[in-house]
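Architecture at a glance
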Amino acid sequence: MSNEIITLIKDTAIVYTIGLNDILRIAQIKQNQQASLIPLIQAGLVYIIIIAVLTQIFKQIEKRYSYYR
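Bear in mind that the values here come from a model prediction, so they are computed numbers and not experimental data.

How each quantity is defined
Residues numbered from 1 in each chain as written. Predicted model: local features only at pLDDT ≥ 70, side-chain atom pairs only at ≥ 80, totals over all residues. Heavy atoms only, no water. Helix = DSSP H or I, 4+ residues; strand = E, 2+ residues; numbered from the N terminus. Expected span 1.5 Å × (residues − 1). Buried < 20%, exposed > 50% of the residue type's maximum accessible area, 1.4 Å probe, protein only. pLDDT = per-residue confidence, 0-100. Patch = residues over 30% accessible without salt bridge, like charges linked within 9 Å, V, L, I, M, F, W, Y side chains within 5 Å. Areas by Shrake-Rupley, 256 points an atom, 1.4 Å probe, with all protein chains shown as cover. Salt bridge = Lys/Arg side-chain N within 4 Å of Asp/Glu carboxyl O.

**A short note on helix α4 (residues 38-64)**
- Its 27 residues give α4 an end-to-end C-alpha distance of 39 Å, which sits within 8% of 39 Å, the value for a rise of 1.5 Å per residue.
- Among the residues of α4, those classed as buried are Pro39, Ala43, Ile51, Leu54 and Phe58.

Printed below as a string of structure tokens:
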């Protein structure tokens, strides 16, 4: 279940509510201004943190509502 929801977050309009497109656009603008890859790396870290938090939340939900205990 959690894999499907994370895939939805990555692939659909749910991304707009999180603002990942805005984060990436700002990172690209900063990358062009600074001629550095650091802004894109930072944007990638933000993305990883968001997915990690969602993964932990869904892990707890699946553990709580597990059919087989």
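Past the structure itself, the notes keep going.
**Describing unusual backbone geometry**
- One non-glycine residue, Ala35, adopts positive backbone phi at about 55 degrees.
- Relative to the elements of secondary structure, Ala35 occurs in the loop between α3 (20-34) and α4.

**A closer look at the confidence of the model for the protein**
- Of all residues in the protein, 75% attain a pLDDT of 70 or more, and the chain-wide mean is 77.
- Within the protein, α4 carries the highest mean pLDDT (84), whereas helix α2 (residues 14-18) carries the lowest (57).

**Looking at a nonpolar patch on the surface**
- Taken together, Leu37, Ile38, Ile41, Leu45 and Ile48 make up a surface patch of nonpolar side chains, about 500 Å² in accessible area.
- Tracing the chain through its elements places Leu37 in the loop between α3 and α4.

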